[in-house]
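What follows is each chain in one-letter form.
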Amino acid sequence: MGIFSDSKSQAKQETKLGGIKATLFVYAMEGLENMAFISNAISLVTYFYGYMNFSLTKSATTLTNFMGTSFLLALFGGFISDTYLSRFKTCVLFGCIELLGYALLAVQAHFHSLRPTPCQGFATSQTTQCEAADSGQSAILFTGLYLVAFGTSGVKAALPSLGADQFDDKDPKESAQLSSYFNWFLLSLTVGAIIGVTFIVWISSNQGWDWAFGVCTVAVLFAIVLVSMGKSLYRNNVPKGSPLLRIIQVFAVAIRNRKLPQPEIADELHEIHDKEAGVQKEILPRTDQFRFLDRAAIGQNSGDASTSISPGAWRLCTVTQVEETKILIRMLPIILSTVFMNTCLAQLQTFTIQQSTTMDTHILGFKMPGPSIPVIPLVFMFIFIPIYDRIFVPIARKITGIPTGIRYLQRIGVGLVLSAISMAVAGIVETRRKSVAIQNNMVDSIQPLPMSVFWLGYQYAIFGLADMFTFVGLLEFFYAESSAGMKSLSIAISWCSLAFGYFLSSVVVEVVNKVSGGWLANNNLNRDKLNYFYWLLAALSAVNFGIYLGCASWYRYKKVEVNQEENSDSRAAKGKQLEMVTA
């Protein structure tokens, strides 16, 4: 009886952990950390050009490399989280690294001896005479920048999974809360971004970059403190070894067994159940896709594979390990088909800010600074996210019976459609802007056109909706569909879509310029064919959506068998039973 009472008390203690109260600390860290990151992503070009005396080309390239690296390194953060550290420890460790980066940038911005004399105040023709940053000053800058990139990458990989771990997707109530979690996670990200592109951008423009970097340092410090305060409430994951190593083992063993015939019965393949399982709780049943990988689970005695002694991970893999590899392969077409949407996002951010410089930026008597223009889609997202979570999802849930309202791939698809519509609207607005310039004989004028910058809000609002559907859909999809041992790595893969989108954007511009004869070759937007470029992106987005439909139709949602103990006293006699959970 003592054993059962201890088990019951442990189960009750486990149910007290996690839940909405635990995710509040996750929301706080995400909001503060993203406030610092987005504010710099928007305005660092000004710092590179005006204070470090980089050329415009080098400034833009440095920022692009910084952003791309921040998202790509999330793969390393996800790997560390799944393999060696818990998600909580990963967030704290990488948060401290990011803190050091901002502190170093703040010190450099404060002490004039650590950076060159700024070129601000010089005429454009005289900027070439400014003293360039020497190797030591550049080394300090890049050290600080890439400490920030390295730190934020680990946070981006582990923090969403840390919050999602606080809900049990096999519990109907918590499954619905898990869906809401990702929506509110995006809302916290959005609130932080709004504060970053307004408040911190204002500080950097009016109080100095040392103050701006100092505020970012303090924000990340508070983020680390707040997420640490929730430590006693978290359901912490246990690292299950390297997911990359398990995937490599599957391919290695499948290649070694390539000449063996494939068993037609799943029971003939090697799997670990019950007594052999130890801490293993999740078992993935065999699927009929990529059947050549099934050879990795063929044991020496295939007729009794489930009970034979395993000869080693490099000679025999489990069906779960093989299916884990299949899941990752199935996910790749989905993530690749969302890259072009992020390419459109990069173009929209770049050219919309350039468009805003030719328009009337006064809104309600307030002049909006250029780097703060992205606050427009953020405000729309801030409004739409609660409406989606509190109104649309409950209605859709009653109709479909799905806890998330609509399936993950459906949500991503809606976002892709909206992104194509946004590009088409952007082309219409640009046509309108150019017609205003022609009608007022201001084609070559540097004065703002008699057209409000709020016109850009239409394309931004639609794209904000697209981002709300696709971004959260990807996070939900990769977290739910990945195996228990690679949740953080899968979340990191979803961030890579942003990185590849940014890198691809510059290639798209160069190719379009060469093929079209220079749609975007002039330095004067009033003479460029930016509206044609937007419509081309809309057409390509429609084609990309068609490709996505094919990938989504081909995708198979995973099925999971969970080794789950009963809570009643009769479980001593019944032992363990398998519960089939279909994602």
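Calculation notes
- Residues numbered from 1 in each chain as written.
- Predicted model: local features only at pLDDT ≥ 70, side-chain atom pairs only at ≥ 80, totals over all residues.
- Heavy atoms only, no water.
- Helix = DSSP H or I, 4+ residues; strand = E, 2+ residues; numbered from the N terminus.
- Buried < 20%, exposed > 50% of the residue type's maximum accessible area, 1.4 Å probe, protein only.
- Contact = heavy atoms within 4.5 Å.
- Areas by Shrake-Rupley, 256 points an atom, 1.4 Å probe, with all protein chains shown as cover.
- Polar contact = N/O pair within 3.5 Å; in protein donor to acceptor, adjacent residues only side chain to side chain.
- Core = buried A, V, L, I, M, F, W, Y, C linked by side-chain atoms within 4.5 Å.
- Phe/Tyr/Trp six-rings, centres within 6.5 Å; stacked < 30°, edge-to-face > 60°.
- Lys NZ or Arg CZ within 6 Å of the ring centre and 35° of its normal.
- Axes fitted to C-alpha atoms, helices over the stretch in contact; angles between N-to-C directions.
- Parallel < 35°, antiparallel > 145°, perpendicular 65-115°, else oblique.
- Left-handed = near helix turned anticlockwise from the far one by under 90°.
- Nonpolar A, V, L, I, M, F, W, Y, C, P; charged D, E, K, R; others polar.
- Patch = residues over 30% accessible without salt bridge, like charges linked within 9 Å, V, L, I, M, F, W, Y side chains within 5 Å.
- Salt bridge = Lys/Arg side-chain N within 4 Å of Asp/Glu carboxyl O.
- pLDDT = per-residue confidence, 0-100.
- Expected span 1.5 Å × (residues − 1).

Enquirer: Can you walk me through the overall build of the chain in this structure?
Expert: Scanning the chain for helices and strands turns up 17 helices and five strands. Classification of the 583 residues of the chain by burial places 53% in the buried group. A fraction of 82% describes how many contacts in the chain between residues 6 or more apart in sequence connect residues 24 or more apart. For the chain, the exposed area adds up to about 25,900 Å²; of that, 64% sits on carbon and sulfur atoms.

Enquirer: Would you mind going over the side chain of Q166 with me for this structure?
Expert: Mapped onto the elements, Q166 comes out in the loop between helix 6 (135-164) and helix 7 (172-206). Engagement of the side chain of Q166 in a polar contact is seen with the backbone nitrogen of R235, the distance being 2.7 Å.

Enquirer: Where do I start with the nonpolar core in this structure?
Expert: Residues L44, Y47, F66, L159, Y181, F477 and F533 are the most contacted members of the largest nonpolar core, which totals 142 residues. Top contributing element to this core by residue count: helix 14 (residues 457-481), with 13 residues. Counting eleven residues, the second-largest nonpolar core is a separate cluster that includes L269, A296, A297 and I298.

Enquirer: In this structure, what is going on with the packing of aromatic side chains? I would like to understand it.
Expert: To describe a pair of aromatic rings, one takes the distance between the centres and the angle between the planes. Evaluation of the coordinates by the stated rule reveals 32 aromatic pairs. With centroids separated by 5.4 Å and ring planes inclined at 40°, the aromatic side chains of W209 and F213 adopt a geometry described as tilted. Here W209 pairs with F213, and both are found in helix 8 (residues 209-229), just four residues apart, close to one helical turn. If you follow R407 out to its NZ or CZ, it ends over the ring of Y557, 5.4 Å from the centre. In this arrangement the basic side chain of K487 is found over the ring face of Y479, its NZ or CZ atom lying 4.5 Å from the centre.

Enquirer: Help me out: how do you make sense of the packing of helix 11 (residues 339-356) against helix 13 (residues 408-439) in this one?
Expert: Helix-helix packing is characterised by the crossing angle of the two axes and by the distance between the axes. Packing of helix 11 against helix 13 leaves a shortest axis separation of 11 Å and a crossing angle of 25°. By the angle between their directions, the pair helix 11 and helix 13 is classed as roughly parallel. Remark: the crossing between helix 11 and helix 13 carries left-handed chirality. In contact with M341, C344, L348 and Q355 of helix 11, helix 13 contributes G415, L416, S419, S422, M423, A426, E430 and R433. When the residues that make up the contact of helix 11 with helix 13 are grouped by side-chain class, the tally is six nonpolar, four polar and two charged.

Enquirer: Even after reading the chapter, I still don't get unusual backbone geometry, so can you show me in this structure?
Expert: Phi is positive for F290, which is not a glycine, with a value near 50°. Of note in the backbone geometry, N441 takes a positive phi value of approximately 50° without being a glycine. Secondary-structure assignment places N441 in the loop between helix 13 and helix 14.

Enquirer: Help me understand a nonpolar patch on the surface, please; the structure alone is not making it clear to me.
Expert: A surface patch of nonpolar side chains, amounting to about 880 Å² of accessible area, comprises V191, I195, F199, V379, F382, I383, I387, I391, I395 and I399. Of all the secondary structure elements, the ones that give two or more residues to the nonpolar patch are helix 7 and helix 12 (375-400). Top contributing element to the nonpolar patch by residue count: helix 12, with seven residues. Looking at the element boundaries, I391 is found in helix 12. Judged by its relative accessible area of 46%, I391 is partly exposed.

Enquirer: Please explain the environment of R315 as it appears in this structure.
Expert: Within the secondary structure, R315 is located in the loop between strand 1 (282-283) and helix 10 (319-336). Among the residues examined, R315 registers a relative accessible area of 49% and is labelled partly exposed. Between the alpha carbons of R315 and A252 there is a distance of 8.3 Å; along the sequence they are 63 residues apart. With residues near it in sequence (within four places) discarded, R315 still touches V253, R256 and N257.

Enquirer: Got a minute to help me understand the pattern of salt bridges in this structure?
Expert: Between side chains of opposite charge, a pair can form as their charged atoms come close. Tallying each qualifying case throughout the model produces ten salt bridges. Its salt-bridge partner being R433, residue E430 comes within 2.8 Å of it at the nearest N-O pair. Separated by three residues within a single helix, E430 and R433 lie in helix 13, roughly one turn from each other. Like E430, the residue R433 is buried in the burial classification.

Enquirer: Could you clarify how one ought to interpret the confidence of the model for the chain in this entry?
Expert: In low-pLDDT regions, the fine details of the predicted coordinates are not to be read closely. In the predicted model, the chain carries a mean pLDDT of 81, and the fraction of residues at 70 or more is 86%. Looking across the chain, the model is least confident in helix 17 (residues 571-574), with a mean pLDDT of 38, and most confident in helix 8, with 94.

Enquirer: Please clarify how the side chain of E476 should be interpreted in this entry.
Expert: Residue placement: E476 occurs in helix 14. Relative accessible area serves as the criterion here: at 4%, E476 is assigned to the buried category. Here E476 is in contact with S179, F182, T404, Y408 and R411, once residues within four sequence places are set aside.

Enquirer: How do you make sense of the environment of N440 when you look at a structure like this?
Expert: Positionally, N440 belongs in the loop between helix 13 and helix 14. In this structure N440 comes out as partly exposed when scored by relative accessible area, which is 37%. Each C-alpha atom of the pair N440 and P450 lies 8.5 Å from the other, and the pair is ten residues apart in sequence. Within the local environment of N440, its side chain forms a polar contact with the backbone oxygen of V436, the two atoms lying 2.8 Å apart.

Enquirer: What exactly am I supposed to notice about the environment of A296 here?
Expert: With respect to the secondary-structure elements, A296 resides in the loop between strand 1 and helix 10. Overall, the relative accessible area of 0% leaves A296 in the buried class. It is 5.6 Å that separates the C-alpha atoms of A296 and V250, two residues lying 46 residues apart in sequence.

Enquirer: How do you make sense of helix 13 when you look at a structure like this?
Expert: Note that an α-helix has 3.6 residues per turn; residues three or four places apart therefore point the same way. Compared with the 46 Å implied by 1.5 Å per residue over 32 residues, the 47 Å span of helix 13 between its first and last C-alpha is a close match. One or two positions beyond helix 13, positive phi appears at N441, with a value near 50°.

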